[in-house]
Amino acid sequence: MGDFECMAISDGTFTYEPPLIPPPATFLFANAPKELLEQALSEHGIQSEQWVAFVSPFTCVMVNTGRHKVLVDTGADGLTPNTGRLLRNLHTVGIEAGEIDTVILTHGHDDHIGGNTDAKGKPAFPKARYVMWKEEWTFWTSEQPEALYKNEDFAFTRKNLLPIQDQIDLFDLEAEIVPGIHAVPAPGHTPGHMAVSVSSNGKQLLCIGDAFLHPIHIEHPEWHATHEVAPEQLMNTRHLLLNKSATEKALMLAFHFPFPGVGHVVRRGTGWQWQPIQRLT
Ligand SMILES: [Zn+2]
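Overview of the structure.

Considerations on the overall build of the protein chain
Moving on, step 1. Per the secondary structure count, the protein chain includes 9 helices and 13 strands.
Moving on, step 2. Structurally, the protein chain occupies a C-alpha span of about 50 × 45 × 35 Å along its principal axes.
Moving on, step 3. Residues classed as buried in the protein chain amount to 54% of the 281 residues present.
Moving on, step 4. Considering only contacts in the protein chain between residues 6 or more positions apart, those separated by 24 or more positions represent 70%.
Moving on, step 5. Of the roughly 12,800 Å² that the protein chain leaves accessible, carbon and sulfur atoms contribute 52%.
Moving on, step 6. Looking at the protein chain, you have 20 positive and 33 negative side-chain charges, and the mean spots of the two groups are 6 Å apart.

A short note on the pattern of salt bridges
Moving on, step 1. Here the structure, examined in full by the defined rule, presents 7 salt bridges.
Moving on, step 2. The salt bridge involving K69 is made with E99; its shortest N-O contact spans 3.4 Å. Of this pair, K69 sits in strand β3 (residues 69-72) while E99 sits in the loop between α3 (86-92) and β4 (102-104), placing them 30 residues apart in sequence.
Moving on, step 3. Look at E99 and you get partly exposed, because its relative accessible area is 33%.
Moving on, step 4. Among the ionic pairs, E248 bridges to K244, the shortest N-O distance being 3.0 Å.

A short note on the coordination of the zinc ion
Moving on, step 1. Donor atoms from the polypeptide that bind the zinc ion are D111 (OD), H112 (NE2), D210 (OD) and H256 (NE2), placed at 2.1 to 2.2 Å.
Moving on, step 2. Seen from the zinc ion, its 4 donor atoms lie at angles of 86 to 164 degrees, and the figure they make is irregular.
Moving on, step 3. Each donor residue of the zinc ion belongs to the same chain, and together they define the spacing D-H-x97-D-x45-H. With D210 in the loop between β10 (203-209) and α8 (216-219) and H256 in the loop between β11 (251-254) and β12 (262-268), this pair connects stretches of sequence that are 46 residues apart.

Quick word on the sheet that holds strand β6 (residues 168-171)
Moving on, step 1. The sheet built from 6 strands is open, its strands ordered β1-β2-β3-β4-β5-β6 with mixed pairing. Only two strands of the sheet have a single partner each, and these edge strands are β1 (5-16) and β6. The sheet shows a mean angle of 20 degrees between the axes of neighbouring strands, taken without regard to direction.
Moving on, step 2. Bridge analysis of β4 against strand β5 (residues 129-133) gives 3 bridges, and the strand direction is parallel. Pairing of T102 across the sheet is with R129, part of β5.

Thoughts on the pairing of strand β7 (residues 175-178)
Taken residue by residue, a regular strand's side chains alternate between the two faces of the sheet.
Moving on, step 1. Relative to strand β8 (residues 181-185), β7 runs antiparallel, the two being bridged by 3 bridges. Bridge pairing in β8 links V178 to I181.
Moving on, step 2. Counting the residues in the hairpin turn of β7 and β8 gives 2 residues, including G180, whose phi is positive at 95 degrees.

Looking at the sheet that holds β7
Moving on, step 1. Spatial ordering of the open sheet is given by β7-β8-β9-β10-β11-β12-β13, a layout of 7 strands whose pairing is mixed. The open sheet has two edge strands with one neighbour each: β7 and β13 (271-276). Taken over all neighbouring pairs, the strand axes of this sheet differ in orientation by 35 degrees on average, direction set aside.
Moving on, step 2. Against the sheet, helix α9 (residues 231-247) touches β8, β9 (194-200), β10, β11, β12 and β13, its axis set at about 165 degrees to β10.

Considering α9
Moving on, step 1. For α9, with 17 residues, the first-to-last C-alpha span of 24 Å sits near the 24 Å given by 1.5 Å per residue.
Moving on, step 2. All of the buried residues in α9 are L234, M235, T237, R238, L241, L242, K244 and S245.
Moving on, step 3. Phi turns positive one or two residues past the end of α9, at K249, with a value near 50 degrees.

Concerning unusual backbone geometry
Trans is the common state for peptide bonds, and a negative phi is the common state for residues other than glycine.
Moving on, step 1. Residues P18 and P19 are joined by a peptide bond in cis, for which omega reads 5 degrees.
Moving on, step 2. By secondary structure assignment, the location of P19 is in the loop between β1 and α1 (24-28).
Moving on, step 3. That bond from F259 to P260 is cis: its omega, 5 degrees, falls within 30 degrees of zero.
Moving on, step 4. Here P260 is to be found in the loop between β11 and β12.
Moving on, step 5. Residue N201 is not a glycine yet carries a positive backbone phi of 50 degrees.
Moving on, step 6. The residue N201 is located in the loop between β9 and β10 in this model.
Moving on, step 7. Overall, the relative accessible area of 62% leaves N201 in the exposed class.
Moving on, step 8. With a phi angle near 50 degrees, K249 is a residue other than glycine that sits in the positive phi range.

About the cut-offs
- Residues numbered from 1 in each chain as written.
- Predicted model: local features only at pLDDT ≥ 70, side-chain atom pairs only at ≥ 80, totals over all residues.
- Heavy atoms only, no water.
- Helix = DSSP H or I, 4+ residues; strand = E, 2+ residues; numbered from the N terminus.
- Buried < 20%, exposed > 50% of the residue type's maximum accessible area, 1.4 Å probe, protein only.
- Contact = heavy atoms within 4.5 Å.
- Areas by Shrake-Rupley, 256 points an atom, 1.4 Å probe, with all protein chains shown as cover.
- Lys, Arg positive; Asp, Glu negative; His and termini not counted.
- Charge placed at Lys NZ, Arg CZ, Asp CG, Glu CD.
- Salt bridge = Lys/Arg side-chain N within 4 Å of Asp/Glu carboxyl O.
- Donors = N, O, S within 2.8 Å, 3.2 Å for Na, K, Ca; no water.
- Tetrahedral: all angles 85-135°; square planar, octahedral: opposite > 155°, others 65-115°.
- Pairing = 2+ DSSP bridges.
- Axes fitted to C-alpha atoms, helices over the stretch in contact; angles between N-to-C directions.
- Expected span 1.5 Å × (residues − 1).

Here it is, written out as structure tokens:
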């Protein structure tokens, strides 16, 4: 990306399936009219009755700006057997946890903050400033999650948030985190979900976190998953991100899209379409 080196780094994959979630088509597109949904799925080669498990990648982003080493999201170490590969994969590309000076957390869900701390509960990135949206931090460190998501346990979340409180820097305005990297408010999936814009030398990468969970959400931004905190707000966020990406010719990187989750959004009729790219030149 211009003068910056950006890498999609896999933390692994997780298979979402009943009884943890409803069948994927219902879970991801909770409010989609059945006929339109069947049509959209078949265009993507998916038969809804046979789609019993949603195998989702967890893709973090490593940015070396030359002056800063910045990580976006920390994956889900210890949450599932197939995740927690972030540090090993960073090591493979020559980056150690102690070198990272900034860790940006798009939101407080377990799969995005699960590598914040190590097995002893100490910050896994000891020299890093951790960055999160203020409302998001307040939400996850309060009693609100228990009130909103009944019968869920948030011990894992707090194990990964409370130990970083001396290193956290909270944002409540669209602002620069380090030169070339901006926090972009993108609420709806969670109360203080944020996107991250990485710009250098006329190129931009927009890390959209979980604002879109599946490429069909690009085509149908009005369809949302069952567990969105504020669906109306999410619709607004999605339209802002799609317009930003198109007008500023930014590449998008989506945490849960097929690895590496990178692509362009292009206009199709009155809507949008996802054009994934496998290799950057
Ligand atoms: Zn997620």
